[in-house]
Amino acid sequence: MNKIVQKFGGTSVATPESREKVINKIIAAKAQDEFPIVVVSAIGRKGSPYATDTLIDFVNTSAGVITDREYDLLLSCGEIISAVMIATLLCNKGYKAKALTGGQAGIITDNHYKNADLLHIKTNTIEACQEQNIIPVIAGFQGATSDGEVTTLGRGGSDTTASILAMGLAADRIEIYTDVDGIMTADPRVCEKARIIPSLSYNEVFQMADSGAKVIHPRAVEYAMRANIPLIIKNTFTDEEGTTIIQTTKDVPSKENDHVITSIAHRNNRVQVTVQDSVLSDKNLLDQVAKENVSIDLINIFPQYKVFTIDEDHKLKLETLLQKMNYKYTLMEGCSKVTVIGERMTGVPGVMARILKAFSKAKVEMLQTADSLTTIACLIKKENLTKAINALHDEFLL
Ligand code: ADP
Ligand code: MG
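Q: Where do I start with the overall build of the protein chain in this structure?
A: Scanning the protein chain for helices and strands turns up 11 helices and 18 strands. Relative to a compact globule of 398 residues, whose C-alpha radius of gyration would be 21 Å, the protein chain shows 23 Å and is just as compact. Buried positions account for 51% of the 398 residues belonging to the protein chain. Sequence-distant contacts in the protein chain: of pairs separated by 6 or more residues, those separated by 24 or more amount to 74%. Counting only carbon and sulfur atoms, one obtains 51% of the accessible surface of the protein chain, whose full area is about 18300 Å².

Q: Can you walk me through a nonpolar patch on the surface in this structure?
A: Taken together, Val 279, Leu 280, Ile 299 and Ile 301 make up a surface patch of nonpolar side chains, about 410 Å² in accessible area. With respect to the helices and strands, the residue Leu 280 is situated in the loop between β13 (263-276) and α8 (285-291).

Q: Would you take a moment to explain helix α3 (residues 68-92) for this structure?
A: In an α-helix, one turn spans 3.6 residues, which is why side chains three or four residues apart end up on the same side. Look at α3: 37 Å from first C-alpha to last across 25 residues, which is about the 36 Å you get at 1.5 Å a residue. Three or more residues of α3 are buried, namely Asp 72, Leu 74, Leu 75, Ser 76, Gly 78, Glu 79, Ser 82, Ala 83, Ile 86, Ala 87 and Leu 90. With its phi angle positive at about 95°, Gly 94 sits one or two positions after the end of α3.

Q: What should I look at first to understand the nonpolar core in this one?
A: In a soluble, globular protein the nonpolar side chains are often hidden away together inside. Judged by nonpolar contacts, the single largest core of 40 residues is most densely connected at Val 5, Ile 37, Ile 126, Leu 165, Ile 174, Ile 216 and Leu 231. For this core, the secondary structure elements donating two or more residues are β2 (35-40), α4 (124-131), α5 (157-169), β9 (173-178), α6 (202-210), α7 (218-227) and β11 (231-235). Counting residues per element, this core draws most heavily on α5, which supplies 5 residues. Listed in part, the 26 residues of the second largest apolar core include Cys 191, Val 340, Met 345 and Leu 392.

Q: How do you make sense of the site of ligand 1 when you look at a structure like this?
A: Looking at ligand 1, there are 20 residues lining it, with Arg 45, Thr 178, Asp 179, Met 184 and Arg 189 nearest. The contact in question runs from an oxygen atom of ligand 1 to an N or O atom on the side chain of Lys 7, over 3.3 Å. Residue Met 184 places a main-chain N or O atom 2.9 Å away from a nitrogen atom belonging to ligand 1. A total of 580 Å² of accessible area belongs to ligand 1 in isolation, and the protein chains cover 92% of it. Of the residues in the shell around ligand 1, the class split is 9 nonpolar, 5 polar and 6 charged.

Q: What exactly am I supposed to notice about the environment of Asn 293 here?
A: With respect to the helices, strands and loops of the structure, Asn 293 is situated in the loop between α8 and β14 (297-301). Separated by 85 residues in the primary sequence, Asn 293 and Cys 378 place their C-alpha atoms 23 Å from one another. For Asn 293, the residues in contact, after removing those within four places along its chain, are His 314 and Lys 317.

Q: Explain the domain arrangement of the protein chain to me, please; I cannot follow it from the model alone.
A: Many structure descriptions define interface size as the accessible area lost when the parts assemble. Annotation of the protein chain at the domain level lists domain 1 (3-179) and domain 2 (263-395). For domain 1 and domain 2, the distance between their C-alpha centroids amounts to 36 Å.

Q: Please explain α6 as it appears in this structure.
A: All buried positions along α6 are accounted for by Tyr 202, Glu 204, Val 205, Gln 207, Met 208 and Ala 209. Tucked inside the fold, the buried residues of α6 contact β10 (199-201), α7, β12 (243-246), β13, β16 (329-341) and β18 (375-381).

Q: Would you explain the environment of Glu 127 in this entry?
A: Topologically, Glu 127 is positioned in helix α4. As for Glu 127 and Arg 354, which are separated by 227 residues in sequence, their C-alpha atoms are 53 Å apart.

Q: Could you clarify how one ought to interpret the packing of aromatic side chains in this entry?
A: Scanning the model with the defined rule gives 2 aromatic pairs in all. With 4.8 Å between their ring centres and 10° between their planes, Phe 8 and Tyr 177 make a pair best called stacked. Of this pair, Phe 8 sits in strand β1 (residues 3-8) while Tyr 177 is found in strand β9, placing the two residues 169 residues apart along the sequence. The pair formed by Phe 8 and Tyr 177 is uniform in burial state, with each residue classed as buried. Ring centres of Phe 302 and Tyr 305 lie 4.8 Å apart, and the angle between their planes is 25°; this geometry places the pair in the stacked category. The cationic tip of Lys 114 hangs over the ring face of Tyr 71; the distance from NZ or CZ to the ring centre is 4.3 Å. Across the ring face of Tyr 327, the terminal group of Lys 283 is positioned such that the distance to the ring centre comes to 4.1 Å.

Q: Quick question: what am I supposed to make of the layout of surface pockets here?
A: Rolled over the atoms, a probe as big as a water molecule pinpoints where empty space is left. Estimates place the volume of the second largest pocket at around 230 Å³. Together, 14 residues line the second largest pocket, and Ser 211, Asp 297, Lys 337, Thr 375 and Ala 377 are the ones closest to its centre. Sorting the residues of the lining of the second largest pocket by element identifies α6, β14, β16, β17 (368-371) and β18 as the ones contributing at least two each. For the lining of the second largest pocket, a count of residues per class yields 5 nonpolar, 5 polar and 4 charged.

Q: Looking at this structure, I do not really get the side chain of Thr 374. What am I missing?
A: Note that Thr 374 resides in the loop between β17 and β18. With a relative accessible area of 10%, Thr 374 lands in the buried category. Setting aside chain neighbours within four positions, we find Thr 374 in contact with Asn 203, Gln 207, Val 340, Ile 341, Gly 342, Glu 343, Met 345 and Thr 346.

Q: Sorry if this is basic, but what is going on with the sheet that holds β16 here?
A: The antiparallel open sheet is built from 6 strands, whose spatial order is β14-β15-β13-β16-β18-β17. Pairing within the sheet leaves two strands with one partner each, and these edge strands are β14 and β17. When the angles between neighbouring strand axes are averaged without regard to direction, this sheet yields 25°. The sheet strands contacting helix α9 (residues 315-324) are β13, β15 (305-311) and β16, and the helix crosses β16 at an angle near 130°. Of the strands in this sheet, β16, β17 and β18 are in contact with helix α10 (residues 351-362), which crosses β18 at around 25°.

What counts as what
- The residue numbers shown here count from 1 along each chain, following its written sequence.
- For naming, the first written chain is A and the first written ligand is 1, with later ones following in the order written.
- pLDDT decides what is reported in this predicted model: residues at 70 or higher carry local features, side-chain atom pairs at 80 or more are listed and counted, and totals for whole chains, interfaces and linings draw on all residues regardless.
- Values shown for side chains rest on all heavy atoms present in the structure; no hydrogens or waters enter the calculation.
- Put simply, DSSP H or I for four residues or longer makes a helix, DSSP E for two residues or longer makes a strand, and each gets a number counted from the N terminus.
- Note on method: radius of gyration uses C-alpha positions; expected globular size equals 2.2 Å times residues raised to 0.38.
- Exposure classes here rest on a 1.4 Å probe applied to the protein chains alone. A residue is buried below 20% of its type maximum, exposed above 50%, and partly exposed in between.
- Contact criterion: two residues are considered in contact whenever any of their non-hydrogen atoms come within 4.5 Å of each other.
- Residue burial considers only the protein chains on display, and all accessible areas are found by Shrake-Rupley using a 1.4 Å probe.
- Each patch is built from residues lacking any salt bridge and having more than 30% relative accessible area; the joining distance is 9 Å for like charges and 5 Å for nonpolar side chains (Val, Leu, Ile, Met, Phe, Trp, Tyr).
- Any Lys or Arg side-chain nitrogen found within 4 Å of a carboxyl oxygen on Asp or Glu counts as a salt bridge.
- A helix is expected to span 1.5 Å multiplied by its residue count minus one.
- Nonpolar core, defined: a set of buried Ala, Val, Leu, Ile, Met, Phe, Trp, Tyr and Cys residues in which side-chain atoms within 4.5 Å join the residues together.
- To be near a molecule or strand, a residue needs just one of its heavy atoms within 4 Å of it.
- A 3.5 Å cut-off defines polar contacts: any pair of N or O atoms within that distance qualifies, except that in protein one atom must be a possible hydrogen donor and the other a possible acceptor, and neighbouring residues in sequence count only when both atoms are side-chain atoms.
- Ten residues, namely Ala, Val, Leu, Ile, Met, Phe, Trp, Tyr, Cys and Pro, are considered nonpolar, four, namely Asp, Glu, Lys and Arg, are considered charged, and the remaining ones, Gly among them, are considered polar.
- By convention here, the domain bounds are inherited from an automatic or database domain assignment.
- Ring pairs shown here join Phe, Tyr and Trp side chains whose ring centres sit within 6.5 Å, with only the six-membered ring taken for Trp; geometry is labelled stacked below 30 degrees between planes, edge-to-face above 60, and tilted in between.
- Counted as over-ring charges are cases with an Arg CZ or a Lys NZ within 6 Å of the ring centre that also lie within 35 degrees of the ring normal.
- Grid points spaced at 1 Å and placed over the protein atoms alone form the basis of the search, with a cavity being a set where a 1.4 Å probe fits but cannot get out and a pocket an open set showing protein on both sides within 12 Å along at least five of seven lines. Lining residues have an atom within 4 Å of a point.
- Grid points are joined across faces, edges and corners, and a volume is the space filled by probe spheres set on the points.
- DSSP calls a pair of strands paired once it identifies at least 2 bridges connecting them.
- Axes here refer to lines fitted to C-alpha atoms; in helices the fit is confined to the stretch in contact. Angles between the N-to-C directions go from 0 to 180 degrees.

Dropping the structure here:
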């Protein structure tokens, strides 16, 4: 019997109608004689009564600052409510189902509250479910220490839970259900022309996710890639085929895969930092920045200065450090990073020239750039974001 992990995101479990769709997807898997291992996110997004942010706000305003251990305990509730809801709906439709916390499902982590790392996966509970024909419905985004303390997985949330369980159980595939028909050539909220991509490689999706495409978390892609389990992104609300993610798409005959660039991702809230710093200085700027846990990218080093970008959230921390170390620096706020991604870009000449041509035609100023084998990232002003993404889409993806 095929084992499949089905993960349902926040919008999929948000309303009675959407939960009905979720139940239908699970029942459809059962009808195919597959064993569904269901993972759910918390119900609703910011502002809705059971959303994670609402729970945190509630305790914060009524009781004050929450300690890390209690924070994780509280954070885990949103997904537990969701798991109970979906398991109950299944039971009342005549299926055997059981809601499980991450810890009960066997996800054992270290004790770094708020950002715990996986230590190992105990598969016995879920295997027992399979033997007894019970559908396990697991609360995403959480685990437990070997002492049973509740932890959350930090980055990646429920997508990561799905990949972790699939890896531990050697599942046949992972289905990530969300509110779009699959992975698209760009974020449909920014680019109206964005189209669904039928197949992509793990590397391409990892680069997309890592460059800001919200549709899946990079960590989830990493685990699936490591275990070599096919990952499929689908829409809870439609019957579209979705996007299948595999090792390489080079052998998949498709018009889509002829493109040098397969997709465009973006990340907002970037700040460009220019620091006067000689390469001969022994102050070791980048080392100090790393020690402050400020992550930087788009790093360009020149003899007398360094340029890099940070997230707006890290601005205060970085400025405090630069001032303490007596650096002269300037900041450019309100930037966005746009990244073009494509496995086939490697070795193809003229990609950067085409980006510059597209930007020049659309009157988008390029502030900075960096590239890797399969990506080219460009820093621009945020107000140019829609123009820039559409210009690149026209140039490479039509
Ligand atoms: P979920 O709650 O199901 O996890 P998310 O909001 O995390 O859903 O992810 C889905 C959203 O990701 C879409 O609604 C879309 O706006 C956004 N997104 C960003 N880039 C892309 C892309 N390249 N393809 C598809 N969706 C994208
Ligand atoms: Mg998501």
